[in-house]
Amino acid sequence: MFSGVCELNSSDSVDDSFLQVVEGSIYDWPRFYDFIYGADWQAETRFLNNCLRRFARKRSRRWRLFEPACGTGRLLHRLAEQGHDVAGVDVNEHAVGFCNRRLEKAGFPGSVVQGDMCNFTLQRPCDAAFNTINSFRHLDSDNQATKHLRCMAAAIRSGGFYALGFHITPTHDDPDEEEYWTHRRGHLQINAGMWLLNRDIKHRMERFALVFDVYMPTKQFRIRDEFSFRTYTAKQFDKLLRKVPEFEVAAVYDFAYDIDRPIVVDGDTQDAVFILKRL
């Protein structure tokens, strides 16, 4: 459960008959995206700091951290406040602008650039990197995913790691097909819903609808988006990793982010954060 977030039933979020509907990319609304997805920052940053202490070869209190597909930098600015040097890359100009403005307002460099997570280079390597909420699955082919992992291998110094989190397709049961949640703070509330539109296991693609029902004192409206994810079973991801021998799996966790409770990936696993050690 997110901090400040409560679950909804599907009926609470899918009725848009009284809302103006805006069709477009959720990523073009960085304020609202950050509001709904940034609520769990404490658990995630605590987990990343614990991973640094446990898995990084370098011993320090200040690490250089990098996030591909960083979006609004919902974790980057928190990690900067904790004393780390941070940088990121994202394809969406609105998210990049939002992230850099927030970093600069807090007195940090605007260190996020617009770019492709499959084709980038860093001026100097980072100590660790992270991508924890399914952005990896926007890459729609093994070729793109391999290019991304190779870019990450080049970006991370030997002895560092890449914390890569995403939903795995279980082989012993049907995967989850919908999720609803809400977050409220002050005069802003957003009810969010995501549900499956189509799944094509043969071609390894899932298409989802995502909506944000936005409630403010002066207006209420719905943002509706659709996007595709590439699917991965545990075996398919293992096969992909073998193409990038610079990485090995040091540990795997679920989305509870408990550093003392690694998991064993099997046919029931749906949530996984792979700690990929850079050799």
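Residues numbered from 1 in each chain as written. Predicted model: local features only at pLDDT ≥ 70, side-chain atom pairs only at ≥ 80, totals over all residues. Heavy atoms only, no water.

Student: Requested: an account of the packing of aromatic side chains, with residues and values cited.
Tutor: Tallied over the entire structure, the rule returns 25 aromatic pairs. Taking 5.3 Å as the distance between ring centres and 75° as the angle between the ring planes, the aromatic pair formed by Phe47 and Tyr253 counts as edge-to-face. One end of the pair, Phe47, is in helix α2 (residues 41–55); the other, Tyr253, is in strand β12 (residues 247–253), and 206 residues separate them in sequence. This pair shows no difference in class: Phe47 is buried, exactly as Tyr253 is. Taking 4.9 Å as the distance between ring centres and 65° as the angle between the ring planes, the aromatic pair formed by Phe227 and Phe229 counts as edge-to-face. You'll find Phe227 and Phe229 in the same group, each marked buried. Three or more aromatic residues link up through ring pairs in this structure, and these residues are Tyr27, Tyr33, Tyr37, Trp181 and Phe212. For the cation-ring pair, Arg78 lies above Trp41, with the distance from its terminal atom to the ring centre recorded as 4.0 Å. The positively charged end of Arg204 is found above the aromatic ring belonging to Tyr232, 4.9 Å away from the centroid. (Phe/Tyr/Trp six-rings, centres within 6.5 Å; stacked < 30°, edge-to-face > 60°. Helix = DSSP H or I, 4+ residues; strand = E, 2+ residues; numbered from the N terminus. Buried < 20%, exposed > 50% of the residue type's maximum accessible area, 1.4 Å probe, protein only. Lys NZ or Arg CZ within 6 Å of the ring centre and 35° of its normal.)

Student: Now, about the sheet that holds strand β6 (residues 126–131): what can you tell me, with residues and values included?
Tutor: Ordered by their spatial adjacency, seven strands build an open sheet running β5-β4-β3-β6-β7-β13-β12, and the pairing between neighbours is mixed. The open sheet has two free edges, formed respectively by β5 (112–114) and β12, since each of these has just one partner strand. Across this sheet, the average inter-strand angle for adjacent strands is 20°, counted without regard to direction. Both strand β3 (residues 64–68) and β6 contribute to a ladder of two bridges, which runs parallel. The residue bridging Phe66 from the neighbouring strand is Ala129, located in β6. Packed onto the sheet, helix α4 (residues 93–105) meets β4 (85–90) and β5 and runs at close to 160° relative to β5. (Pairing = 2+ DSSP bridges. Axes fitted to C-alpha atoms, helices over the stretch in contact; angles between N-to-C directions. Contact = heavy atoms within 4.5 Å.)

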